[in-house]
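Inside the fold
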Amino acid sequence: MRYLMSIMSTPETEATDYDPPAEAFEAMAAYNEEMLKAGVLLSGEGLTSTSEGAEVIFRNGEANVVDGPFTEAKEFIAGFWLLQVSSHAEALEWARRCPHPPAGDSTEMKLQLRRIAELEDLEQMPEELKERERALRAQQ
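Residues numbered from 1 in each chain as written. Predicted model: local features only at pLDDT ≥ 70, side-chain atom pairs only at ≥ 80, totals over all residues. Heavy atoms only, no water.

Before going further, it helps to spend a moment on the packing of aromatic side chains. Applying the stated rule across the entire model yields one aromatic pair. Taken together, a centroid distance of 5.8 Å and an interplanar angle of 90 degrees make the contact between Tyr-31 and Trp-81 edge-to-face. A residue pair is termed long-range when its members are at least 10 positions apart, and Tyr-31 in helix H2 (residues 22–38) and Trp-81 in strand S5 (residues 76–84) qualify at 50 residues. Summarising the burial analysis for this pair, Tyr-31 and Trp-81 share the class buried. (Phe/Tyr/Trp six-rings, centres within 6.5 Å; stacked < 30°, edge-to-face > 60°. Helix = DSSP H or I, 4+ residues; strand = E, 2+ residues; numbered from the N terminus. Buried < 20%, exposed > 50% of the residue type's maximum accessible area, 1.4 Å probe, protein only.)

The four strands lie next to each other as S2-S5-S1-S6, forming an open sheet whose pairing is antiparallel. Of all the strands in the sheet, just strand S2 (41–46) and strand S6 (111–115) have a single pairing partner and so form its edges. For this sheet, the mean angle separating the axes of adjacent strands, direction not counted, is 20 degrees. Two elements, S2 and S5, share five bridges in a ladder whose sense is antiparallel. Paired with Leu-41 across the two strands is Leu-83, which belongs to S5. Against the sheet, H2 touches strand S1 (2–9), S2 and S5, its axis set at about 25 degrees to S5. (Pairing = 2+ DSSP bridges. Axes fitted to C-alpha atoms, helices over the stretch in contact; angles between N-to-C directions. Contact = heavy atoms within 4.5 Å.)

Here the focus is the confidence of the model for the protein. The predicted model of the protein has a mean per-residue pLDDT of 92, with 99% of residues at 70 or higher. Ranking the helices and strands of the protein by mean pLDDT puts helix H3 (residues 88–96) first, with 98, and helix H1 (residues 11–15) last, with 79. (pLDDT = per-residue confidence, 0-100.)

Another point: the pattern of salt bridges. Tallied over the entire structure, the rule returns eight salt bridges. Between Arg-134 and Glu-120 there is a salt bridge; the shortest N-O distance is 3.6 Å. Of the two residues, Arg-134 is situated in helix H4 (residues 127–139) and Glu-120 in the loop between S6 and H4; the sequence distance between them amounts to 14 residues. On the basis of relative accessible area, Arg-134 is assigned to the partly exposed category, the value being 28%. With a relative accessible area of 55%, Glu-120 lands in the exposed category. Taken together, the shared-partner salt bridges in this structure form one network comprising Glu-120, Glu-127, Glu-131 and Arg-134. (Salt bridge = Lys/Arg side-chain N within 4 Å of Asp/Glu carboxyl O.)

Time to look at the nonpolar core. Grouped together as the largest cluster of nonpolar side chains are 14 residues, with contacts concentrated most on Met-5, Tyr-31, Met-35, Trp-81, Leu-83, Val-85 and Trp-94. For this core, the elements supplying multiple residues, two or more each, are S1, H2, S5 and H3. (Core = buried A, V, L, I, M, F, W, Y, C linked by side-chain atoms within 4.5 Å.)

Written out as structure tokens, the structure reads:
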């Protein structure tokens with residue numbers, strides 16, 4: 001099963017010019033290497049601030065674009081990992097091992113872990129559409 005593990009940020013953290021110390025980058029690189037060696041890391045990336053993003057809002061048959069930053073949201077995805085694991089428990093174990101602020105540091109860091117829906121989960125999807133999707137995925 002596949003999981004999306006997202007690291008979250010807030011409007012406050014996005015508003016600062018905080019640049020983590022080199023040790024934080026080293027710890028994250030080691031963590032990524034460990035997941036890669038274990039064969040669970042499919043992909044992982046950090047994202048730029050929402051000030052560089054845009055939202056596309058669909059309403060009444062139209063698509064409207066709103067440039068960032070996204071001031072109404074309470075938190076944002078700051079980065080993600082795509083994991084291939086055997087169970088929810090294994091995904092949680094990898095999430096617990098993510099580098100985080102040490103004891104005594106009151107900085108809050110949040111990860112969200114969500115299982116990616118597989119075609120088999122989509123009971124209402126017609127089988128011919130599932131086959132088309134499988135064929136598309138095979139081309140990637």
